[in-house]
Amino acid sequence: MRHANTLTAMGIEIWVRRQFADCADTTASVLDPKGLASEIASCTRCKLHKERTQTVFGVGDLNAELLIIGEAPGAEEDRLGEPFVGPAGKLLNSMLGAIGLSRQQVYITNILKCRPPGNRDPKPEEVVQCTAYLARQVEMIQPRLILAVGRVAAQNLLQRNTPIGKMRGQRYTYGQLEVPVIVTYHPAYLLRSPREKRKAWADLVLVKELLQGESIS
Ligand code: URA
């Protein structure tokens, strides 16, 4: 507390992690996860709503330190309403397990909340419509670290066309909160290219080190 008072006296803004259980009173429309989920569930901002079974909001701990952002729901995710539940999801779970984290301890979502037909890449006009939803999720969760999995997630989140191989190992930030971002390969790509798992492992070690550090910047 004394430390906090000193920082305040120095004019340094203190960023206090929000606990969801205690935040029923404040700016509810922005910070209410159920409200946001139901807004997304009825979204018709792009054509993807016509073909979806359901929207896929996200899963995990809303107070998580680590937020994982993938590309978009696939067929299984569209059917079950949960991100990363297919084969790529199983590998993602194992990758998390390798650094001592369970799926329940992190939060997982995607750039797009609806499935692009045939698992094609998201179109720019679809990403634009979904961006504000993701920004609100980040604002709600206020993670200490974001792990962007795959080229589509990384390039859209960080607004650049850099190849994923060049983004790995770098630290970026996202949004006004300047949440640190690390990039790794998509688990679906790793299933097709198992030799690249070694690089993904290095990325996960970096994630673990950053989460264990006092501050990430
Ligand atoms: N791939 C993604 O990027 N997201 C999912 O939810 C599933 C597969």
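Residues numbered from 1 in each chain as written. Predicted model: local features only at pLDDT ≥ 70, side-chain atom pairs only at ≥ 80, totals over all residues. Heavy atoms only, no water.

Let us look at the layout of surface pockets. Approximately 480 Å³ is the volume attributed to the second largest pocket. Lining the second largest pocket are 26 residues, and of these Glu71, Ala72, His186, Ala188 and Arg192 lie nearest its centre. Among the residues making up the lining of the second largest pocket, the classes are represented as 13 nonpolar, six polar and seven charged. (1 Å grid on protein atoms, 1.4 Å probe; cavity = no way out; pocket = protein on both sides within 12 Å on 5 of 7 lines; lining within 4 Å. Points joined across faces, edges and corners; volume = space filled by probe spheres on them. Nonpolar A, V, L, I, M, F, W, Y, C, P; charged D, E, K, R; others polar.)

Let us now look at the side chain of aspartate 203. Residue position: aspartate 203 is located in helix H10 (residues 197–212). Residue aspartate 203 is classed as buried on the basis of its relative accessible area of 3%. Filtering out sequence-adjacent residues up to four positions away, aspartate 203 remains in contact with Arg168, Gly169, Ile182, Val183, Thr184 and Tyr185. (Helix = DSSP H or I, 4+ residues; strand = E, 2+ residues; numbered from the N terminus. Buried < 20%, exposed > 50% of the residue type's maximum accessible area, 1.4 Å probe, protein only. Contact = heavy atoms within 4.5 Å.)

A sheet is described by the order of its strands in space; here six strands give the open sequence E1-E3-E2-E4-E6-E5, paired in mixed fashion. Of all the strands in the sheet, just strand E1 (59–60) and strand E5 (172–174) have a single pairing partner and so form its edges. Looking at chain direction, strand E2 (residues 66–70) and strand E3 (residues 107–110) are connected through four bridges and run parallel. Bridging across to E3, glycine 70 finds its partner in asparagine 110. Against the sheet, helix H6 (residues 124–141) makes contact with E2, E3, strand E4 (145–149), E5 and strand E6 (179–184), and its axis sits at roughly 170° relative to E3, the strand it touches most. Here H10 sits on the sheet in contact with E2, E4 and E6, set at roughly 160° to E6. (Pairing = 2+ DSSP bridges. Axes fitted to C-alpha atoms, helices over the stretch in contact; angles between N-to-C directions.)

Another point: the nonpolar core. Formed by 58 residues in total, the largest nonpolar core has its most connected members in Leu66, Ile68, Ile146 and Leu157. Among the elements that line this core, the one with the most residues is H6, at seven residues. If sequence neighbours within four positions are ignored, isoleucine 146 has contacts with Leu67, Ile69, Val138, Leu157, Tyr174, Val179, Pro180, Val181 and Ile182. (Core = buried A, V, L, I, M, F, W, Y, C linked by side-chain atoms within 4.5 Å.)

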